[in-house]
Each structure stands twice: as structure tokens, then as C-alpha cells.
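Chain by chain, the residues run as shown.
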4 protein chains.
Amino acid sequence: MAGNTTGTVFRVTTFGESHGLAIGGVVDGCPAGISFDTGVIRYELGRRKANSELHSTTRHEMDEPRILSGIFEGKTTGAPIAFMIVNKAHDPGAYHQLRDAYRASHGDYGWHMKYGHFDHRGGGRYSARETAARVVAGAIARQLLAHYGITVQGWVSGIGNIQLDGYGPYTSAEVEASTLRCPDSDVAKAMMSELEAAFIEKDTLGGLVSCVVNGVPAGLGEPVFDKVESELAKAMMSIPAVKGFEMGSGFKASTMRGTAHNDPFNTDEQGAVVTTTNHAGGTLGGIASGNPVCFRVAFKPVSSVKRKEETITHDKKKRVIDLTGGRHDVCVVPRAVPVVEAMAAIVFADLILRNRSARIKQNL
Amino acid sequence: MAGNTTGTVFRVTTFGESHGLAIGGVVDGCPAGISFDTGVIRYELGRRKANSELHSTTRHEMDEPRILSGIFEGKTTGAPIAFMIVNKAHDPGAYHQLRDAYRASHGDYGWHMKYGHFDHRGGGRYSARETAARVVAGAIARQLLAHYGITVQGWVSGIGNIQLDGYGPYTSAEVEASTLRCPDSDVAKAMMSELEAAFIEKDTLGGLVSCVVNGVPAGLGEPVFDKVESELAKAMMSIPAVKGFEMGSGFKASTMRGTAHNDPFNTDEQGAVVTTTNHAGGTLGGIASGNPVCFRVAFKPVSSVKRKEETITHDKKKRVIDLTGGRHDVCVVPRAVPVVEAMAAIVFADLILRNRSARIKQNL
Amino acid sequence: MAGNTTGTVFRVTTFGESHGLAIGGVVDGCPAGISFDTGVIRYELGRRKANSELHSTTRHEMDEPRILSGIFEGKTTGAPIAFMIVNKAHDPGAYHQLRDAYRASHGDYGWHMKYGHFDHRGGGRYSARETAARVVAGAIARQLLAHYGITVQGWVSGIGNIQLDGYGPYTSAEVEASTLRCPDSDVAKAMMSELEAAFIEKDTLGGLVSCVVNGVPAGLGEPVFDKVESELAKAMMSIPAVKGFEMGSGFKASTMRGTAHNDPFNTDEQGAVVTTTNHAGGTLGGIASGNPVCFRVAFKPVSSVKRKEETITHDKKKRVIDLTGGRHDVCVVPRAVPVVEAMAAIVFADLILRNRSARIKQNL
Amino acid sequence: MAGNTTGTVFRVTTFGESHGLAIGGVVDGCPAGISFDTGVIRYELGRRKANSELHSTTRHEMDEPRILSGIFEGKTTGAPIAFMIVNKAHDPGAYHQLRDAYRASHGDYGWHMKYGHFDHRGGGRYSARETAARVVAGAIARQLLAHYGITVQGWVSGIGNIQLDGYGPYTSAEVEASTLRCPDSDVAKAMMSELEAAFIEKDTLGGLVSCVVNGVPAGLGEPVFDKVESELAKAMMSIPAVKGFEMGSGFKASTMRGTAHNDPFNTDEQGAVVTTTNHAGGTLGGIASGNPVCFRVAFKPVSSVKRKEETITHDKKKRVIDLTGGRHDVCVVPRAVPVVEAMAAIVFADLILRNRSARIKQNL
């Protein structure tokens, strides 16, 4: 069974290859009656756009989303919401040398072994181009989440060796004020130096994206396999180039003692249940505890390095391929922030609808 | 929609509460014709058993699995394989003080908010007791994987601040030779000191489990949402107490440069396609590359600390609960190794069957 | 992918073979907080029991259901509800002659071709014994539906050539007053004559079950593939021996004209929307219209006829098998009534929970 | 959970409203390497086109399918195949009087109750327009089935009171030679008289479609809930206007005796296993027996009758709506033949891929 659909109640299917006619998707299961604003979609796609300030040499043109169905008189109807983005003019000929060679650390080889052939033009389906469809679906999910007061905010918390600890929180304005989407200006400056150095050396960088989801009501998450962190981890690890995921204290939790890591329950001044710390990152036993949901995602450095690369061909002969002319980013994490947020929004749209069947009476 | 089923072709459903009559599960979608050995199930359950050498004070008795269906004349029939383990005598009265109080860093509160009430007897469904059913299902998955030459081997790679780097590989014998399931005896010794110290101080520890899956054929994994690492991450994050997951170089990849992280393709002496390094951890573009699949899982310290704990009750009053008499582990990671392996086996059993529909001709 | 799970939110998985240790199932996704009465389960299993007045020679003993999980202090907890029925003493040796022969109109041959081997002892997994697990799951579904005022009532509307037209309605008392579960005593008498004649001639009969679901709120059903009638048809056709399904006017609708078949909308005395006729059988465009949902199910005659039967063996040799001593019903439809009802209850339990995500605000 | 996706391995999602920008769909899970011919799609869409010889007054223009993804160099790649058909110019103003009124026997009322509002323009999502997307997906499924030698052939076997018994078989040429798609010319003539009479009386007709699937290998079908007949019934009942479904002898089986209905096993001259009759319609115990799969589908008469109709409005006031100018068919069954076939092809594409996981070795 192929895997181009995600979610169980709020279901997102995406389609399209990097150099095909179009990419797009279908959102099925979005409740009727949500005011629908394509401006949200455009804004998020804009955030994902290549940025020449970051020495991004990928296509810079704006993606134009087109809604094909599911919206009537400005509201969702309950019918599937289909959308597409037409791929603009490009030069597939540039990929001619890749017709029968495997690029290091790309999906070429596995894809070839899986399907018996592959679309060599820029990665086809496994190109990061595919994430534009996720951003559109995520923008639809955000409009559902807005009804529940749930918001998603990510930021760049690492580029190369420069990192920004903690889970903020940071506002959208603070994040967007930075070209790198790093809300701490000193850290951002150091990150930019890393990026400039890598650019000059024709190398690439990885990084981290941290993300906080606010407003998540206690109770979301579906034991025992579809816990909040399970669904988030799956969603994040499906983003191209992601190598790691952690909730709250994450890997550091493995070095802590129970007395230090436990988050004691208490009540706040309004009498609401709170915990005095949030090492857990917002879930306990896989179910949301009412705290902010906090997680971090690790991206490997961009695999497309502008150098000559020694590799092998489909018939297992050695070949040197020339990637110096490729159009790629030095570091994707600033552009990955809206992708991480989109996947988180899709996960919580699904979890909030799934939670509606937890009780005999359910008011959400 | 509840979440007690995982997998799409090889599907595992589990049931049962910590202090109910029984726990168990149903494996649907296991192909017919596999020689079935309950010894494999008993062996894996034995590995998960509490160990007094590790100051484990949980119930020590052996779990007795009972196969209810799906096996005939020593082979799988294609019908669902149901199994159960009867819960032995115990003392639910010990949990009386928890009837209306939330334990720190346990699922009590979220569960209460989700379902409107909860089973206070030792965590009910969100107790780690539930993982015994996963181990049984994993032992069934292992017998399917054996037909494909796929093996799963985990080990303890961290307890508290003591860690063992790298992905070995290690043999089953090397791992099982150590009470802690840490295959490096020097590291194991240091870990044991950490554990003793925590025990004396009535505290608990977290840790790391590393795992390698060998024999995975190139091509497994279902783009774009059900990649190998997506499915593994989801499975691992669904294990109680897990806070982080990483593939191959993982979080460290975020600090590396592309030229250092890329795994160049080459051929080995037999002419097979190989990569000279495996930073990726065995997948590229979400699809298995034929390399060993390597990942690491981070566990938080055990939340049940043998102390008095200040918390609040269901009606938001402060209360001190006395957990000094609880039966809990100082550190779960040695017992978590077979659970991690079981979930990995379930994931690959599913991926190998899903991959059968990738091509018009498929010989696996 | 195997097919032993049905439903999307209210999910039922069944397991077990006719002559294995036990049959049973798991209901996942049942909301928490429903008062749970095992008496309902026992009552429904009692209705499915063999009846010697109908010359049923199958095992007469009562099935004892055992609930393994998901219930605490008399209520559903939101955890999966597992149940089992231990298979009592029996004589698998009676099936020895079937070890390598295909019975006419049984699943033996297809099962053998599918799985490469098969459990010859009374049909294994494809025995109608499996429907006992459906009846238990249906009894759980009924308790959920009771919260919504939805009730399911079936009856025998055909045995052989004797039929009872229309959709009643009939009460449970009217149906259960008849050994044959036919609520019209004159028709029932004629049916009994048919049955006696077939019994004397050592032959078997088919029949019809009609069913009405009352209290279904307008709006249930999930376009475009999971319409009310789609889900019902799938559920009914999965019952052993079922050959046909129709909604409302059904096959007869194909011979009617639009002006005669259309159900005009109007308001009743309370001002509620009604239709003056219900040819549709309670759904329009696949969505419940608020009218009673009415459908009919056709069963073929019992395939196990007490005669000698000429057939072929696995190695394609002719053989005469002696079925004169078999324990089988002359006609199953009276016992099939609770099975039809159970599957209908499972379908509506699922549809009512699925419908909760149709709107941004949903009060059900 | 919405229901716009069908299938488990070969998965079809459709989208689009009657008067929206476009209708279309995504096929996920189609194996790679299938030669892809858009001519097959155009041919099937042509068969579904309105026909003025049948007094069809619906839009006559040809639908132009556009493949957006999943095909490369003339073959399927394993990536999702997305397609769309742009809706041509039309007059939604014609539907103004329906903005707040419920048409008899249409989905208007249920849709309104489900989603809180509805798209009044010609039925929106529940218009039969939606079936064009099914025909495209079915044409893709046919190309997969061709690799297995499986073919699907339907025909009109009833219009009003005129019926054609039996399951033929008939060739495509025999069926297509008739405007009505009824392969018996005498019966077709009588059917045409029925149709003319109804047309003159401004009334509409229902009818039957029979269908045979040849080349189905023994073993397809997934017990116990996803039997061949379960999946077919679900698929057929999801087609607009369908009221009944039967396999093989169907409802007539309910009146037959076991000795008459049983299909004895034998071997043919080549030594292959055959049954001497096929009352079962090609499945036993829900699994294909190697015989042709035969089924029949009942359609109600077209609900849109060209008359004035008394109904009620959203605020429950009486209103007369004038439907004399509507563009509708007198009888849809000739155009429904390719829709029935398409759904059958989708079902078998899914079943054949699902069956690949039935055994440890599987060669299909």
C-alpha cells in the first residue's frame, strides 16, 4: 500500500512530481462551515519560497495555489478540498546526466530498486518540491485549528553548530523578523556567519527547527499507538532530510533523574490544573496534558552539494557527475519552518477530530 | 478514532489493562504458511521480564502467552492470530490512594480529561504492562521476517550520563551476556554504578536504546508519508516513556556539513551497490537503501519515584501521596530492548508486505 | 491486507476458527462512559443459538461470552473491549473425510487456493460459527446506539417460496413470539410447512431477512463511497450465505417510474420534515433522511445437505463424501436475524461516530 | 471521517462538485511499470456521455481528462496518479429556485442536515456528475487488471418492466452495438418502447445492469469482512440511484433448495477444477472460486422528473418548484454500464493487490 495519504479523520493526500505538470492534494474530512481564506495559503507558501538572501538558487517564483473543490460561498462544505499548483517553466534537460546515475544521499537508488525505474528529473516525487502541497494542506488545517484556539509556531533553533536552546515561546512577528527565522538576533547573526562560510566553501548545512503548539486541550491523542508524540514524530520524519525528533526534554531526558524530570501537578491562580515545569513537552501517557506541546526536529545538511561527485551508474559503473550548476539551498531549515508547522497543524486537525469519539457526550 | 491498531497490511491490535483479567492482541494480515514457534514468543517475553539484579521490584513471574487462533498444524493459516496473557494475582487495593489523585508525569490527568473517568489501578491501559502484548506481536513478526533474512537487534546505549556511541553492530549473544543489555562491558560497568547510585538515592534513571535492522532489502518504505523512518518513529514514540527518536547520525547530522554527511555510492567486491558510510542510517528519500537500518530511542527516567509526592486531586485540592511502597524499576531501558525490537519487527513486517504492491511484478 | 476488521471509528476485529480454542473479537473506538450490560450480549447470543424445534442439529449449548478488557466499574472506559467465547468439546475427527476434499458450495476450494492449505475441521475461519463474535460486537454497538435512541429490528420475511412483504414495522415481542422469527402467524405457519417438507426430503432452504433501523438521525452516511447503503450492503454481504441486498423498494424500484417512486417532502403535525412515502428506505444521496432505514437480505439455502455428495479431492480425483451425519440447519434465516441486526448495529455505531466530524460544531 | 476514498491498497480518492471548477481524483497504490494509455480513459468517458438518441438532455460535450502526475515516459511510476476534468460553461442560475427547497428523492435534505448548508447548484457533490471521476479511475484499474487477464463487461439487463435474464456472457461488441447497451436485440427493442413511452409521458425509468468479471483467479477476497461480494456490494451501492445488489442467483437463491443451488465440483477436460453450475456467481465463502464473477445491480428511476413538484423549503413552508426545464435523462442505466464496470474494476484492482499478502510466497 502506497503512502501518499496521512491522517485518519482529517485526511490529506498529496500528488505530483518536481517536474510534472502540477503538484497538489486533496483534504478529505474537513468539517463543513469553516470560513475559508486563501490568503492564509498564499502567506504560508510565501514563507516556503526560496530566498536569495540565503543564497538560495532554487526557483524564486511564487507558487499559485488553485482550489478546485470543497469551498462554496467562502466556506468549507464538507466535500473534499482539492488544490493544485501548476509547475512553471523549467529545464528538465539539466538533469540529463542523472538519467542513469545515483546521487549520493538522494532517494535515486532506493526509488529505482522499489519501482524498477524512476523519474530522474530533479527527484520526481521525492523532491522537496512535494512539501509545497503539505504547506497548502497545513494552511487549511490551521483554519480548522483556529476555531479551537490552537496555534502552531516554529522557528530555526540550529544551523550547523549554532543552536538556540529552549522552547521560547516566540511570536510569529519575532520569528518572521529574521531572514533565518531565528528569533534571537545574536544567535541569528552567528548562524548567518555559519551559512556564509558554508556558501563560500560550496558546502551545505543542516539545522534544527523547534516548534510549539499552543491551545491544545487536555485529552488529545489516541492510545496506545497513535499518541500525540507518535503522530507528530511520524509526520516530522516524513519531511525530506529530517533525521531526528524529540518531545520536550527529548534526548536530554535520557540523562536526567526522575526527581528532576517529573513535572509536578498544581493549580494556578484561576484554579486550573497546571504543571510547574513542562519537561514532558505537553503530553503524558501519549495524551495532551493541556500544556504547550513542544518538540524539535533535526535536519541533515542538504545533500546536493555544488561539486563534482564520484558515484555509480545503474549498471554499476563508476561515473563523475557535475553538480556545480545545480539550483539548491545552502541550508533548508529557514524554509522548512512552515513545512514543520504545516505537518503539525495537519496532525492536530486530525487529533482534535479523532478525539470527538472519545466520550459518549463530546462538546468540542 | 481510537488508536489500538497499528500497521496497514500486517496489522496489530492490542487490548487489556494492567489490572484487568488479561492483556492480549490480534495480528491480522500475517501470511499463511509460516512455521510458528511459540518458543520465540516465550523467549522474548522472558527478556522483558523484571530482573531483581536491576533492583526491579515489579512482579517477577513469567507471562504465559496463549495462542487462541490462526495457527493450525504448526503453521500460520492466514486467519487472524489472537493471543492473550492472563494477569496474575495482584493487589489493586494498593492503588486506593490514587483513586482521585494525579501522579506527576503519569497519564492520569490526560486520561481523565479524555475519557471522563479512568482506571486508577496502576495505570490501566497506559501502564507499561501493555508492552507485553507488543512483544508477543513482535515475536510473530520476527518469524515472518526470518523468511526474508531480516533480523532486529537492539541494545542499551545509555543509562543516565553513561553512553555507548555508534551502531555496533553487536550480536544477540553480546547483548544478552550483559544484565543491562549493554554489549560493551566497561560501559556496562559504569552504567551499573549509575544505577546503583540512583537506587540508593531512591531515584530513577532514563537511558537510550540503539537498534540495527539487518537484511532490509533496498526499496522498502512508502513515500511520501509512510517512509521507513516515519513508521519507525511513530512506533518507537508510542512506547511508554520514549521522548526522542533519531535515524543514523540523527541530531548530530544537524551540525554536519553536506560533504561530510553524504554517503557516496560505490560497488563492493561482489559488484553489489554499497555506500562507503551509512550516516543516513539505511534509508534515503524514506526508502531503504540496502544498508543496515540504524536508529536510537531516548527514554525519560521512570516517573514512579519511591518518595512522597505532592500533587492535586480530581477536585483540585492539594494532596501528598505516598509512593514509597510502589513496585517499579529504577531504570526500564534493559527491559525496553525487546520492546523496541518488537516494534521494529512489526514495522518491517508491515513494510515488506506493503512493498509487494510497488511493482506490477513482485517476487518477494 | 486481510479483512478481519470492519468500521472506521467504531472498529470491530474478530478472530477464531470453528474448532479452535476460542472465537472472539476486539471493539476499538467505543466511547467511554456507556453503561455496559453483559445481559444484552447473552440475550443476543441466545437468539443465535440452535433450536431443535427447527430441526437444527448443530451444537445446542449456550455460548458463554467473557469480557477481557475495556470495562471498569460497569462502564466502557474508552479502552478496547476484548471478548472471547471458548469453544466447547466437539469431535474434529468427524471431519476426517474432508481433509483433502472440496465440499460443494463451501469455501474449501477458494480458501485452499488463497492460503495454500486450509483448516478442514468444519470450515475453520469461514464457518458460520464466526458470526457469534459479530453478535457480541453488535450487542456492544446496540448499547452505544441506545444513547441515541436508535434501535434495530429484523425478522424473517422469506423461507423458500413463502414471503412476507413490506417493512412492517414489527416489535421485538412480535418477532420473538415466533419460533421462525416471522411476525405474521399465517405466513409463519406456511413457512413451517416448507421447512418440514425440506427436512423430510433431507434438503435445505434459503430465505430472507428484513430489517428496520429506527431513530436514525438525518445526516448519517459519508459520501461518496461510504454511503449508508454502501456500508450496510458491505456488512450484510459479509455474512455467510448472503447473496443479495436491497434498500427500501430495492429491485422492485428498477421497474417503477419516477413519479411513482419519488417520496415527496412534507411536514407532519409537529412541523417536522417527513416524506409521505419511504420507497427510498431511509436514505437519499446516500445520507440518512430521518426516515426509518429499511433493507432486506437474501440467504441462499444451506450448502451442507445431508446426502452423499460427489466431488473432487485436492489432487483432482473424484470422491464421494458422506454428509448424512453432519450437524447442520435445514434453514439458517431464523438464527440469522440477530446476525443481520448485529451487523446493522455495528454499521450505525460507526456512522454515528463518523458523523461527528461533519461540522465545525457537532452536538451528537 | 469522510468517505471520498475507497480501496485499501489500490486507493481511489475523488473530488469535485457538479458546478465547481473541476472534478477529478487521485489513484494511490497503482504498481509501477504499467503501460498507460489515455485512450482507454477517453473511450470509457465516451461511453458515459449523454446520448440524444435516448432523449438525454444533459450536457453532451465530451469530458477531457487531464493526467497531472504519476505517469512518466508512458508508464506508471508508483507515484499517485492525479487527474482532473474541468467543468465546462453551464448555467448555475437555472438552480436558483432550489436555493432553499428540497427536491423529492434527492440528497438535498440529508446533505443540508449533515453539513448545515449545501451547494444547491445541481446537487453539488452528490450529483451523478461525480461518477465521471470514477470512470477515469476505473479506466486506470482496467489497465492494471489487463496484466492479469481480468476483464469486466456489463450490460443493461432491465429497463422498466423489460428484463434480460442470465449472465450471458456477452462481448463488448455485442453490448456496444446497442444504443441501450442491451445485447439482445429483441429485448432492446422492447426496452426502447418503454423508454419512448416514459419520455412522452414526461416520466422516468429505472433498470438493471448485469456484469461479469472474467479471469478472476481463485483466491481473491479477504475474509471475513472484505469478501469479494462485500466489496462489490459496497462499491455498487455507492453509485447514485442504486437500490439493490445481488451475486449470482441472488434473491432467487432464497427460494431455491440446497440440492438445486449447490454447484458441484468437477474437473474439466484439461484437468482444471470447475463447477458444473455457477449459482454462486463466482465466490464461495467470500473468496473467488475461479469461476466468472457475476452480479446484478438495480437502479431506481431518475428522481428528476420534468414536472412541477410540490415540496417544502428550508423553513418548512410548502412550495411548488418547476422542474420542467431540467436537463436530465429519462433512464440512466445505459450510461451507468461504464460506471458499474469502473467500480468493479476498482474493486478487483484492490483485491488482486491485497491478495499478494495472503501467502509467504506469492507469485501474482
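Residues numbered from 1 in each chain as written. Chains lettered and ligands numbered in written order. Predicted model: local features only at pLDDT ≥ 70, side-chain atom pairs only at ≥ 80, totals over all residues.

Enquirer: How should the overall build of chain A be read in this particular structure?
Expert: Helices and strands together make up the secondary structure of chain A, namely nine helices and 18 strands. Rg of the C-alpha trace for chain A: 21 Å, near the compact-globule value of 21 Å for 364 residues, within the 12% margin. Across its three principal axes, chain A shows a C-alpha extent of roughly 65 × 50 × 35 Å. Relative to its full complement of 364 residues, chain A shows a buried share of 65%. Considering only residue pairs separated by 6 or more positions, chain A has 69% of its internal contacts joining residues 24 or more positions apart. (Helix = DSSP H or I, 4+ residues; strand = E, 2+ residues; numbered from the N terminus. Rg over C-alpha atoms; globule rule 2.2 N^0.38 Å. Buried ≥ 20, exposed ≤ 12 C-beta atoms within 10 Å, placed from the backbone. Contact = placed C-beta atoms within 7 Å.)

Enquirer: Sorry, what's going on with the packing of helix α3 (residues 131-146) of chain A against helix α9 (residues 333-354) of chain A here?
Expert: When two helices pack together, you describe them by how their axes are tilted relative to each other and by the distance separating the axes. Residues and elements named next belong to chain A. For the pair α3 and α9, interaxial distance at closest approach is 7 Å and the crossing angle is 50°. Taken together, the axis directions place α3 and α9 in an arrangement best described as oblique. The handedness of the crossing between α3 and α9 is left-handed. Residue-level contacts link T131, R134, V135, A137, G138, A141, R142, L144 and L145 of α3 to P338, V339, E341, A342, M343, A345, I346, F348 and A349 of α9. Per-class residue counts for the contact of α3 with α9 are 13 nonpolar, two polar and three charged. (Axes fitted to C-alpha atoms, helices over the stretch in contact; angles between N-to-C directions. Parallel < 35°, antiparallel > 145°, perpendicular 65-115°, else oblique. Left-handed = near helix turned anticlockwise from the far one by under 90°. Nonpolar A, V, L, I, M, F, W, Y, C, P; charged D, E, K, R; others polar.)

Enquirer: Help me understand the interface of chain D and chain B, please; the structure alone is not making it clear to me.
Expert: Frequently, the measure chosen for interface size is the accessible area removed from exposure when the parts meet. Counting residues at the interface gives 16 residues for chain D and 16 residues for chain B. In terms of residue class, the side of chain D that touches chain B is made up of eight nonpolar, six polar and two charged.

Enquirer: Looking at this model, I keep getting lost on helix α5 (residues 185-200) of chain B. Mind explaining?
Expert: Every α-helical turn comprises 3.6 residues, leaving residues that sit three or four positions apart pointing alike. Residues and elements named next belong to chain B. For α5, built from 16 residues, the straight-helix expectation of 22 Å at 1.5 Å per residue is met to within 8% by its first-to-last C-alpha distance of 22 Å. All of the buried residues along α5 are V187, A188, M191, E194, L195 and A198. Viewed along the axis of α5, the buried residues span an arc of 115°, placing them on a single side of the element. Summarising the geometry of α5, the exposed residues directed more than 90 degrees from the buried face are S185, D186 and I200. Those residues of α5 that are buried are in contact with β8 (151-159) and β9 (162-163). Backbone geometry just downstream of α5 places K202 in the positive-phi region, at approximately 50°. (Expected span 1.5 Å × (residues − 1). Arc of directions from axis to C-beta.)

Enquirer: Any chance you could explain the relation of the copies chain D and chain B here in plain terms?
Expert: A rotation about some axis, followed by a shift along it, carries one copy of the chain onto the other. Expressed as a screw transformation, the operator carrying chain D onto chain B has a rotation angle of 180° and an axial translation of 0.0 Å, and the superposed copies differ by an RMSD of 0.0 Å. The superposition operator between the copies reduces to a two-fold rotation axis. Interface overlap between copies is the fraction of interface residues in one copy that are interface residues in the other; for chain D against chain B it reaches 100%, indicating a shared surface. (Least-squares fit on C-alpha atoms with pLDDT ≥ 70 in both.)

Enquirer: What's the story with the relation of the copies chain B and chain A in this structure? I'm lost.
Expert: Mapping chain B onto chain A is achieved by rotating through 180° and translating by 0.0 Å along the same axis, at an RMSD of 0.0 Å. Mapped onto chain A, 99% of the interface residues of chain B are again interface residues, and the two copies thus contact each other with one and the same surface.

Enquirer: Sorry, what's going on with the interface of chain B and chain A here?
Expert: Listed as interface residues are 97 residues of chain B and, on the opposing side, 96 residues of chain A. Residues belonging to the side of chain B that touches chain A are distributed by class as follows: 38 nonpolar, 40 polar and 19 charged. Note that strand β11 (residues 242-247) of chain A and strand β11 (residues 242-247) of chain B share three bridges and pair antiparallel. Bridge pairing in β11 of chain B links F245 of chain A to F245 of chain B. (Pairing = 2+ DSSP bridges.)

Enquirer: Could you clarify how one ought to interpret the packing of helix α1 (residues 38-48) of chain A against α3 of chain A in this entry?
Expert: All names here are of chain A. In contact at an axis separation of 9 Å, α1 and α3 are set at 140° when each is read in the N-to-C sense. Taken together, the axes of α1 and α3 lie oblique to each other. Remark: the crossing between α1 and α3 carries right-handed chirality. The segment α1 lies against α3, with V40, I41, E44, L45 and R48 engaging A132, V135, V136, G138, A139, R142 and Q143. Broken down by class, the residue content of the contact of α1 with α3 amounts to seven nonpolar, two polar and three charged.

Enquirer: How do you make sense of the sheet that holds strand β7 (residues 81-86) of chain A when you look at a structure like this?
Expert: The pairing of strands in a sheet happens through backbone hydrogen bonds and is either parallel or antiparallel. Across the sheet, five strands lie side by side as β1-β2-β3-β7-β4 (chain A); this open sheet has antiparallel pairing. Taken across any chain shown, the strands that pair with only one partner, and hence form the sheet edges, are β1 (5-6) and β4 (65-67) of chain A.

Enquirer: So what exactly am I meant to see when it comes to the pairing of strand β2 (residues 11-16) of chain C here?
Expert: A regular strand places its side chains so that they alternate between the two faces of the sheet. Residue and element names in this part refer to chain C. Buried residues dominate β2, accounting for six of its six residues. With burial as the criterion, each face of β2 is covered, one bearing R11, T13 and F15 and the other bearing V12, T14 and G16. Alignment of strand β1 (residues 5-6) against β2, held across two bridges, turns out to be antiparallel. Across the sheet, the residue bridging to T6 is V12, located in β2.

Enquirer: Teacher, can you tell me more about the pairing of strand β7 (residues 81-86) of chain D here?
Expert: Residues and elements named next belong to chain D. When you tally the buried positions in β7, you get five out of six residues, the bulk of the element. Direction of pairing for strand β3 (residues 22-28) relative to β7: antiparallel, over a ladder of six bridges. Counted as the bridge partner of G25 is F83 from β7.

Enquirer: How should I be thinking about the environment of T151 of chain A in this particular structure?
Expert: All names here are of chain A. As for its position among the elements, T151 is in strand β8 (residues 151-159). Judged by the 18 C-beta atoms lying within 10 Å of it, T151 falls in the partly exposed class. On a C-alpha basis, the gap between T151 and V213 in space is 5.7 Å, while along the polypeptide they are 62 residues apart.

Enquirer: Could you clarify how one ought to interpret the sheet that holds strand β11 (residues 242-247) of chain D in this entry?
Expert: An order of β9(C)-β8(C)-β10(C)-β16(C)-β11(C)-β11(D)-β16(D)-β10(D)-β8(D)-β9(D) is seen for the 10 strands of this open sheet, with the pairing classed as antiparallel. Looking at strand neighbours, the two that pair on one side only are β9 (162-163) of chain C together with β9 (162-163) of chain D, the edges of this open sheet. Strands in contact with helix α6 (residues 228-237) of chain C are β11 (242-247) and β16 (293-299) of chain C together with β11 of chain D; relative to β11 of chain C, the strand with the most contacts, it is inclined by about 160°.

Enquirer: I tried to follow unusual backbone geometry on my own but got confused; where do I start?
Expert: If a residue is not glycine, its phi is most likely negative; likewise, a peptide bond is most likely trans. Following P223 of chain B, the chain continues into V224 of chain B via a peptide bond in cis, with omega recorded as -5°. Mapped onto the fold, V224 of chain B is located in the loop between β10 (207-214) and α6 (228-237). Here the residue pair G168 of chain C and P169 of chain C is connected by a cis peptide bond, since its omega of 10° sits within 30 degrees of zero. Looking at the element boundaries, P169 of chain C is found in the loop between β9 and α4 (172-176). At S105 of chain A, a position not held by glycine, the phi torsion is positive, near 60°. Relative to the elements of secondary structure, S105 of chain A occurs in the loop between β7 and α2 (108-115). On the neighbour-count criterion, S105 of chain A (28 C-beta atoms within 10 Å) is buried.

Enquirer: How do you make sense of α1 of chain A when you look at a structure like this?
Expert: All names here are of chain A. Of the positions making up α1, those classed as buried are I41, E44 and R48. Viewed along the axis of α1, the buried residues span an arc of 70°, placing them on a single side of the element. Residues of α1 that are exposed and point more than 90 degrees away from the buried face comprise G39 and G46.

Enquirer: It is not clear to me how the environment of V332 of chain A should be interpreted in this structure. Could you clarify?
Expert: Residue and element names in this part refer to chain A. Its place among the elements puts V332 in the loop between β18 (318-322) and α9. Along the sequence, V332 and A260 sit 72 residues apart, while their C-alpha atoms lie 35 Å from each other. Among residues more than four places away in sequence, those in contact with V332 are A241, F299 and V302.

Enquirer: Looking at this model, I keep getting lost on the confidence of the model for chain A. Mind explaining?
Expert: For any part of a model where pLDDT is low, the fine detail of the predicted coordinates should not be relied upon. Per-residue pLDDT for chain A averages 93, and the proportion of residues at 70 or more is 96%. Across the whole predicted complex the pTM is 0.97, and at the interface the ipTM reaches 0.97. (pLDDT = per-residue confidence, 0-100.)

Enquirer: In this structure, what is going on with the environment of G29 of chain A? I would like to understand it.
Expert: Here G29 of chain A lies in the loop between β3 (22-28) and α1. For G29 of chain A, a count of 26 C-beta atoms within 10 Å corresponds to the buried category. Excluding residues within four positions of it along the chain, G29 of chain A makes contact with V9, F10, R11 and L353 of chain A, S357 of chain C together with M1 and A2 of chain D.

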